[in-house]
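# Residue-level structural notes
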Amino acid sequence: MRHSNQTVWGRWPTIPFVGLFAFALTACGSGVPASVEPAVAPTPVVTPDPHLREPVTADEMYIRIGKGGLKINAVNANLGQGNPDIGKVINADIGGWPVRITQFKSTAVRKRILDWTPGQPPGGDEAPYAFAGLNILITFGPISARAPTAPEPTRVQAATALVAILDPLLWPLDQRSVVAIPSRTPVPVATPVPSPSPTPKATPKPAKSKAP
């Protein structure tokens, strides 16, 4: 009997220890999870508008062509040689071919003087390539009394690279070329505005007859 009592009493101290251990496990498992920082949305990148605004100077176009990757070398410049419609002319060359940058007084003046027919190739006393936008005209290639013919592929590549620089700076870009070079930015097609429907006229009500 005495041995049995000692065995029973000897087990009591283990009961609170087991309870304390279980409480510790419960406390650890019920802890508040760490807060997660919300993901910050990246700041949108604003692409600057490359289109130039009138008036554009010949000097600016010369710099833009050089920065665009074409090696352009200035030969001389003048202030229009007495022509009141022209502000400045820069004569240069790209790859040994002459380039002329003409700055007109305004876009309206440039359009009035050029008066190009879309799709018509250049004729005599005209360069193989001519590109116009806003108040700027840029011609590329030699000029002679005869109408220019299609140049060799290296000249076509240089003209294509020139268009890539000018468009969309001078958008919409008009051209008069022996070999048309498609521009990257198409000219938008105007959407016709529907005319308002005429308002129906109200039908006059018949006059009421008076009783005799």
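In this report, the structure presented in the accompanying data block is examined. All chains use their own residue numbering, which begins from 1 and follows the written sequence. The model is predicted, so local features are restricted to residues of pLDDT at least 70 and side-chain atom pairs to those at 80 or more, both for listing and for counting; the totals for chains, interfaces and linings are taken over all residues. Heavy atoms throughout the structure, all of them, feed into the side-chain values; hydrogens and water do not.

### What about the pattern of salt bridges?
The salt bridge criterion pairs a side-chain nitrogen of Lys or Arg with a carboxyl oxygen of Asp or Glu, the two atoms within 4 Å. Enumeration according to the criterion identifies six salt bridges in this entry. Residue Lys88 pairs with Asp59 through a salt bridge whose shortest N-O separation is 2.8 Å. Taken together, the residues Lys88 in strand 2 (residues 86–94) and Asp59 in helix 3 (residues 58–67) connect sequence positions 29 residues apart. Counting from the N terminus, the helices are the DSSP runs of H or I reaching at least four residues and the strands are the DSSP runs of E reaching at least two.

### A few points about the pairing of strand 3 (residues 97–104)
Throughout this description, buried means an accessible area under 20% of the type-specific maximum (1.4 Å probe, protein chains only), exposed means over 50%, and partly exposed covers the range between. Buried residues dominate strand 3, accounting for six of its eight residues. Pairing between strand 2 and strand 3: eight bridges, direction antiparallel. Bridged to Asp93 within strand 3 is Pro98. Two strands are said to pair when DSSP picks up at least two bridges between them. Following strand 2, the chain reverses through two residues before pairing antiparallel with strand 3; Gly95 in that reversal takes a positive phi of roughly 60 degrees. Pairing geometry for strand 3 and strand 5 (residues 136–140), over five bridges, is antiparallel.

### What to know about helix 3
Every buried residue of helix 3 is accounted for by Ala58, Met61 and Ile65. Across the axial projection of helix 3, the buried residues extend over an arc of 60 degrees, all falling on one side. Those residues of helix 3 hidden inside the fold are in contact with strand 1 (72–78), strand 2, strand 3, strand 5 and helix 5 (153–169). After helix 3 finishes, the residue Gly69 shows a positive phi value of roughly 115 degrees. Regarding the arc, it is the one traced by the directions from the helix axis to the C-beta atoms. Whether two residues are in contact is decided by their heavy atoms: any pair within 4.5 Å suffices.

### Let's talk about the side chain of Ser106
Of note, Ser106 is situated in the loop between strand 3 and helix 4 (107–114). With residues near it in sequence (within four places) discarded, Ser106 still touches Glu54 and Asn135.

### So, the pairing of strand 2
Counting buried residues in strand 2 gives seven out of nine residues, a clear majority hidden from the surface. Direction of pairing for strand 1 relative to strand 2: antiparallel, over a ladder of six bridges. Paired with Asn73 across the bridge in strand 2 is Asp93.

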